[in-house]
Amino acid sequence: MSEYWLAIFFFFVFITLTLGITYWAARRTKTTAHFYAAGGGITGFQNGLALAGDYMSAASFLGIAGLVALNGFDGLIYSTGWLVGWPIILFLIAEPLRNLGKYTFADVVAYRLKQGPVRIAAVIGTLVVVLTYLIGQMVGAGTLIKLLFGLDYVVAILIVGVVMMTYVLFGGMIATTWVQIIKAGLLLSGAILMTILVLVQFGFNPTHLFAKAAELNGQQVLEPGTKIVTGAWDALSLGLALMFGTAGLPHILMRFYTVPDATQARKSVLWATIWIGLFYLITFVLGFGAMVLVGKQGILASGGGGNMAAPLLAKALGGPLLFGFICAVAFATILAVVAGLTLSGAAALSHDLWVSTIKGGHASEEEQLKVARIASVILGICAVLLGIVFQGQNIAYMVGLTFSIAASCNFPALMLAIFWKRLTTAGAVASIVFGAVGTVVLIYLGPTVQLDLLKNADAPNHWWFFPLKNPCLFTMTGAFIVGIVVSLLKPEPSSEDGFAEMERRATLGVISKAAPAE
Amino acid sequence: MSEVESKLHAIAGARFRLAIILTILMLVFYFGFIMLVAFDKPLLGTLLSPGLSLGILLGALVIVSAWVLCLIYVHWANNHYDKVVAAAVIEAQGRK
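Quantities reported herein were computed from a predicted structural model and do not represent experimental measurements.

Let us now look at the overall build of chain A. On a plain count of helices and strands, chain A comes out with 21 helices and zero strands. A compact globule built from 518 residues should have a C-alpha radius of gyration of about 24 Å, and chain A, at 22 Å, falls within 12% of that. By its C-alpha atoms, chain A is 65 × 60 × 40 Å across when sized along the principal axes. Counting the 518 residues in chain A, one finds 61% classified as buried. Contacts in chain A between residues at least 24 apart in sequence constitute 84% of all its contacts with a sequence separation of at least 6. Of the roughly 17,800 Å² of accessible surface on chain A, 69% is carried by carbon and sulfur atoms. On chain A, the mean spot of the 28 positive side-chain charges and the mean spot of the 22 negative ones are 5 Å from each other.

Moving on, we come to the packing of aromatic side chains. Residues and elements named next belong to chain A. Counting across every chain of the model gives 27 aromatic pairs over all chains. Arranged with centres 4.7 Å apart and planes meeting at 45°, the rings of Tyr36 and Tyr103 form a pair that is tilted. Remark: Tyr103 occurs in the loop between α5 (75-100) and α6 (106-109) and Tyr36 occurs in helix α2 (residues 32-37); sequence separation between them is 67 residues. By relative accessible area, Tyr103 is classed as buried at 5%. Judged by centre distance (6.2 Å) and plane angle (85°), the rings of Phe411 and Phe480 are edge-to-face. Residue Phe411 is located in helix α16 (residues 396-419), and its partner Phe480 is located in helix α19 (residues 472-489); the two are separated by 69 residues in the primary sequence. The exposure class assigned to Phe411 is buried, which follows from its relative accessible area of 2%. Three or more aromatic residues link up through ring pairs in this structure, and these residues are Tyr55, Tyr78, Trp82, Trp86, Tyr133 and Phe403.

What follows concerns α5 of chain A. Residue and element names in this part refer to chain A. With 26 residues, α5 should cover 38 Å at 1.5 Å per step; its first-to-last C-alpha distance of 37 Å lies within 8% of that length. Ile93 marks the point of greatest bend in α5, at about 55°, and the proline Pro96 comes within the next four residues. Counting buried residues along α5, 25 of its 26 residues qualify, which places the element largely inside the surrounding structure.

This part covers unusual backbone geometry. Across the chain, the bulk of peptide bonds are trans and the bulk of non-glycine residues have phi less than zero. Residue and element names in this part refer to chain A. Residue Ala38 is not a glycine yet carries a positive backbone phi of 50°. Position of Ala38 among the secondary structure elements: in the loop between α2 and α3 (44-55). The backbone of Lys455 sits at a positive phi, close to 55°, despite the residue not being glycine. Assignment of secondary structure puts Lys455 in the loop between α18 (447-453) and α19. Owing to a relative accessible area of 64%, Lys455 belongs among the exposed residues under this scheme.

Turning next to the side chain of Thr263 of chain A. If you trace the backbone, Thr263 of chain A turns up in helix α12 (residues 262-293). Apart from the residues lying within four places of it in its own chain, the contact partners of Thr263 of chain A are Asn78 and Asp82 of chain B.

Within the fold, Ala211 of chain A resides in helix α9 (residues 206-217). For the pair formed by Ala211 of chain A and Val221 of chain A, sequence separation is 10 residues and the distance between their alpha carbons is 9.8 Å. Ala211 of chain A has contacts with Pro50 and Gly51 of chain B, leaving out every residue within four places of it along the chain.

This part covers the nonpolar core. Note that soluble globular proteins tend to have their nonpolar side chains buried in a common cluster. Residue and element names in this part refer to chain A. With 212 residues, the main nonpolar core has Trp86 and Phe288 as its most contacted residues. Among the elements that make up this core, the one with the highest residue count is helix α14 (residues 309-358) (24 residues). The residues touching Trp86, leaving out its near neighbours within four places in the chain, are Leu51, Tyr55, Thr246, Ile252, Val269, Ala272, Thr273 and Ile276. If you look at the next biggest cluster of nonpolar residues, it comprises six residues, including Val123, Leu127, Ala346 and Ala375.

Moving on to the interface of chain A and chain B. The interface is formed by 50 residues belonging to chain A together with 48 residues belonging to chain B. Interface area for chain A against chain B, summed over the two sides, is near 4,200 Å², with a carbon-plus-sulfur share of 78%. The three residues of chain A that bury the most area against chain B are Phe91, Pro224 and Arg266 of chain A, which together make up 15% of that side's buried surface. If you look at where chain A meets chain B, you find three salt bridges. Where Arg504 of chain A meets Glu5 of chain B, a salt bridge forms, and the shortest distance between an N and an O atom there is 2.4 Å. Applying the counting rule to chain A against chain B returns nine residue pairs in polar contact (both at pLDDT 80 or more). Elements that contribute at least two residues to the side of chain A that touches chain B include exactly α5, α9, α10 (232-246), α12, α20 (493-507) and α21 (511-514) of chain A.

Cut-offs and rules
Residues numbered from 1 in each chain as written. Chains lettered and ligands numbered in written order. Predicted model: local features only at pLDDT ≥ 70, side-chain atom pairs only at ≥ 80, totals over all residues. Heavy atoms only, no water. Helix = DSSP H or I, 4+ residues; strand = E, 2+ residues; numbered from the N terminus. Rg over C-alpha atoms; globule rule 2.2 N^0.38 Å. Buried < 20%, exposed > 50% of the residue type's maximum accessible area, 1.4 Å probe, protein only. Contact = heavy atoms within 4.5 Å. Areas by Shrake-Rupley, 256 points an atom, 1.4 Å probe, with all protein chains shown as cover. Lys, Arg positive; Asp, Glu negative; His and termini not counted. Charge placed at Lys NZ, Arg CZ, Asp CG, Glu CD. Phe/Tyr/Trp six-rings, centres within 6.5 Å; stacked < 30°, edge-to-face > 60°. Expected span 1.5 Å × (residues − 1). Bend = angle between axes of the 7 residues up to and from the residue. Core = buried A, V, L, I, M, F, W, Y, C linked by side-chain atoms within 4.5 Å. Buried area = accessible area lost by both parts, 1.4 Å probe. Salt bridge = Lys/Arg side-chain N within 4 Å of Asp/Glu carboxyl O. Polar contact = N/O pair within 3.5 Å; in protein donor to acceptor, adjacent residues only side chain to side chain.

Right under this line is the structure:
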């Protein structure tokens, strides 16, 4: 029991600190610009850490460490895939997003198109991604906290829901940003400390550790296995989803509005890429550390399907103290991610749906803030309810689903809006809807749901069976094709006319510094 | 098209070309790695030294290459690109 108390103690320290920051942030949150974008006053370095905090979910820390601990090499497929999306964001999306938008990525997609239809489609795209991501995080949170702290599942979900809503509701983006920065700092320092403690036993040479793992578990832990990547098409499709899904996550895209200009936006991605890449490299080492120092049997025996590898390694390395610290960090990780998700969902509902579509862009600051806060509460309640409804479900496919949808529904529309002159309103809407619906339908008809979840062994014999675990190869390319074909069928001159002006503004972000605000 | 406009046009074009080249490099590195995982598992299992397989080395190199590509882009854009754009804007305002 004592290790639970240490973990709970560390967690309360984190909660107290972050609630203090929320109180401080709440007094500074006076306008929508503060609530959605922290007033644009975050530096590139800070935003880089916050992006890393938003992105390094419990799935990537505990999940990848567990995956490596049980399978070895294969964890690298996810680590690399989740990292290579960042350079793509930097090269193609960060600057136009910062220079053209205000609070949401829909600002950019709708820039030269008809506001109403595009915003509604983008809200659907945002909510589908946010809710599937939230389900994965909440169910993961409940299960983990049960394992880590010995708390009841529903109690754990309620704690996450209430604390997260407090951050978002009162502190908006300012509080959320600092929660993410603190969490990223804690997670990175905890992981680095553990890596040092592991490597000191192997002469600070990771290959000695890998060699020991191969000696104990066989050579296959150092080479690609068959569990994650079953075939070439599956590999390609998974790779596309991991890579381009990152560039379609609304809570990540939203963070670019918290920095003052494109220069800082670029710096934020550079820092995020450095931190996240470092984190994945050391998680790989930690996974092997758990394989050798804890052993596969011990990890499997503790439950959670490998997710306990990192906490158990912490216990083996530093006793109850380090175990408690890492457990608390894992909890904090989940809190920060769900706060970011909720805020981006609230921005879509209030900024895109309520203010820009229903009120035609005319709403007072007070009204906008009120609607944004109501939307946050609604999403927070949804998150808690979904977490309870999906209790005990195997939600491993949810992360894949989230990235597939993000890559198929938000990313193509965003790319076409930025780079293709002839995109029309109908084209953008069709692309978003095709991406969202296509992905959900194909995952439902695919092996993950039919074989793993429904145990429908007969499914592959039916004509409707979709053979790939991950549909991104078809749904993402399909979303591009649908967007292009629908646009070409019926041109929209006003959109083409607006392209030159949009391109100019995307290039001249620096002007905003020289010219007086607004 | 005025002189300033053509300068802006040129630098925007240069940025776009660099962005596309770096994107293609990242795609080649990553999907090259993934295709090796899918098609040539034995090759990636080759041991370069005890404990270090080719697969692990290439995976780590994909991560390092992402760092390097980002660094190249940010270095160029935050030093060269921003200065050229800012100078062009000042020139345009000065003529008004």
